Amino acid sequence: MMYNGIGDMMKECRTSAKEIAEFLYGSGNLTNERMLAVRQQEGIEIHQYWQAKYQENDQKEVFVKTEVENEAIRLFVTGRIDGILIRDNELMLEEIKSTYFDFDNLDETTFPSHIAQAKLYAYMYCLENKLKRMTIVLTYIQVEDKDVFQIEKNYSFRVLETFFKKTTGKYIEWLKILEDHESSRQKSIEGLAFPFPEYRLNQREMMAYVYRNILEKGILYVTAPTGIGKTIATIFSSLKAINQPRQKVFYLTAKNDGKQIAIDTIALLEENGLVAKTCEITAKDQMCFLTERDCDPEVCKYAKGYYERIYKAIRDTFENESLLKKDVIRKYARKHRVCPVDMSLDLSNYCDLIICDYNYVFDPRVHLVR
Ligand code: SF4
């Protein structure tokens, strides 16, 4: 998802139909990121295997795009259709999915985001090619033995159009929430005053260095004695340097008390008018609801069906809280029955300040892929 600049009258956002479908109609269990990468590679291979069977007049990787807007946001939606096929003189849109899922339990309601993605594609394709109807084929292929299961659905353009408008309308509603927050954040940062009557010795100088350094995309090393107010100097100046949509401040620390000082500082800035969303990322062991951590969806109810509930959980938290500390995240995660660890990572996508351990940025085994 990409925004244009802060301060324009009409905001523009670009996103893929896949991202919209997964965000609004997501389903399925949590999978760890290493497994996700393996699955992505398997998915590419399965796609290539199946598309190699296409007939002469079939097309693969067909690009589609359209735009939709309300009074505040113009949304550009794009997509890449796996296949446009001609079978018995009929045009069909194929969406290929690799899977390990048991075909006996599979129908079009099993993974709502798959059919939603295909319907968004079908609408865009029909619109571009002035078609009145379109058949969608969802082709599921088993990774291990390449067994194939297909679901076929035929939709009129009107039905696809209604679905597209309803879905993008709901997505724009979410973008508007983000957008309104961003405008409030920006205004609050512009008007934000340093929360103490005086600067400590060298504190102002340090703040100027931090501010200029961020704007110049540099790296700054500062050694300063305890007590000059480094935390407020850094956070305040970093916030003042935010001048682009979706920019974030990462505050990295090695210790829990370092985190607490950062949280207290942000709370103080909030009391002084700052509007911002802050996310604290905490180690799994301290966040997990289970006495013995086991992320297998068959064991942990917070992993099972995670993607069915996470959108509501994120929206609820985002609309009602600003300082997303460990306890706040756990409260909302429990309310929506989602894993608090992954929820904090998903929430961090939409937050302005992220407070976490160094290793979330520097350790290649655990760094924030998001
Ligand atoms: S709640 Fe605990 S066990 Fe369940 S998915 Fe999250 S970290 Fe894993």
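Since we're looking at a predicted model, the values are computed, not measured.

Q: Explain the site of the ligand to me, please; I cannot follow it from the model alone.
A: Taken together, 13 residues surround the ligand, and among them C288, C295, C300, A303 and C339 come closest. A class-by-class count of the residues in the shell around the ligand yields 10 nonpolar, no polar and three charged.

Q: Can you walk me through the domain arrangement of the protein chain in this structure?
A: How big an interface is tends to be stated in terms of accessible area lost as the parts join. Split by domain assignment, the protein chain resolves into domain 1 (2-176), domain 2 (192-239) and domain 3 (248-370). Just the C-alpha atoms count here: the centres of domain 2 and domain 3 sit 26 Å apart. Here the side of domain 2 that touches domain 3 is built from residues that sort into six nonpolar, two polar and no charged.

Q: Looking at this model, I keep getting lost on the sheet that holds strand β8 (residues 249-253). Mind explaining?
A: Two orientations exist for strands paired in a sheet by backbone hydrogen bonds: parallel and antiparallel. Taken in spatial order, the four strands line up as β8-β11-β9-β10 in an open sheet, and their pairing is parallel. At either margin of the open sheet sits one strand with a lone partner, and together these are β8 and β10 (323-324). Sheet topology note: the β8/strand β11 (residues 353-357) ladder contains five bridges and is parallel. Bridging from a neighbouring strand, Y251 pairs with I355 of β11.

Q: Explanation requested: the pairing of strand β4 (residues 73-87) in the structure shown.
A: For strand β2 (residues 11-16) and β4, the ladder comprises six bridges, and the chain directions are parallel. Looking at the pairing, C13 lines up with L75 of β4. In the sheet, strand β3 (residues 59-69) pairs with β4 via 10 bridges, with the strands oriented antiparallel. Counted as the bridge partner of E67 is F76 from β4. Where β4 folds back on strand β5 (residues 90-99), the antiparallel hairpin that results is connected by two residues, among which D88 adopts a positive phi of roughly 50°.

Q: So what exactly am I meant to see when it comes to helix α11 (residues 340-348) here?
A: Counting along an α-helix, one turn takes 3.6 residues, and residues three or four places apart therefore face a common direction. Within α11, eight of the nine residues are buried, leaving the element largely enclosed by the surrounding structure. Among all positions of α11, only P340, V341, D342, M343, S344, D346, L347 and S348 are buried. Turning to α11, the residues buried within the fold contact β9 (278-280), α8 (284-287), α9 (306-320), β10, α10 (326-336) and β11.

Q: Explain the environment of F194 to me, please; I cannot follow it from the model alone.
A: Position of F194 relative to the elements: it lies in the loop between α4 (157-190) and α5 (203-215). Residues F194 and F236 lie 42 residues apart in sequence; the distance between their C-alpha atoms is 7.4 Å.

Q: Mind showing me how you'd approach helix α7 (residues 256-271) here?
A: Helix length check: α7 (16 residues) gives 23 Å between terminal C-alpha atoms against 22 Å at 1.5 Å per residue, within 8%. Close packing links the buried residues of α7 with α6 (230-240), β8, β9, β10 and β11. Within two residues after α7, G273 carries a phi angle of roughly 110°, on the positive side.

Q: Would you explain the packing of helix α1 (residues 17-25) against α4 in this entry?
A: The packing of two helices is summarised by the inter-axis angle and the distance between the axes. Taken N-terminus to C-terminus, the directions of α1 and α4 make an angle of 80°; their axes are 10 Å apart at the nearest point. One element, α1, and the other, α4, form an angle in the roughly perpendicular class. Together, I20, F23 and L24 of α1 and T167, T168, K170 and Y171 of α4 make up the contact between the two elements. Of the residues assigned to the contact of α1 with α4, the class counts are four nonpolar, two polar and one charged.

Rules behind the numbers
- Every chain begins its residue count from 1, and numbering advances along the sequence as written.
- Restriction of local features to residues with pLDDT of at least 70 applies here, the model being predicted, together with a cutoff of 80 or more for giving and counting side-chain atom pairs; totals for whole chains, interfaces and linings are based on all residues.
- Should the C-beta atom of a residue, placed from the backbone, lie within 6 Å of a molecule or strand, that residue is near it.
- Three residue categories are used. Nonpolar comprises Ala, Val, Leu, Ile, Met, Phe, Trp, Tyr, Cys and Pro, charged comprises Asp, Glu, Lys and Arg, and polar comprises the others, including Gly.
- All the domain ranges listed were derived from an automatic or database domain assignment.
- Note on pairing: two strands pair once DSSP finds at least 2 bridges between them.
- Secondary structure elements follow DSSP: runs of H or I no shorter than four residues count as helices, runs of E no shorter than two count as strands, and numbering proceeds from the N terminus.
- Exposed residues have 12 or fewer other C-beta atoms within 10 Å of their own C-beta, buried residues have 20 or more, and partly exposed residues fall in between, where C-beta atoms are placed from the backbone.
- Note on contacts: residues are paired as contacts if their backbone-placed C-beta atoms lie within 7 Å.
- A helix is expected to reach a length of 1.5 Å times the quantity of its residues less one.
- Only the contacting stretch of a helix is used when fitting its axis, a line to C-alpha atoms as for every element, and angles between N-to-C directions run 0 to 180 degrees.
- We call two directions roughly parallel when the angle between them is under 35 degrees, roughly antiparallel when it is over 145, roughly perpendicular when it lies between 65 and 115, and oblique otherwise.

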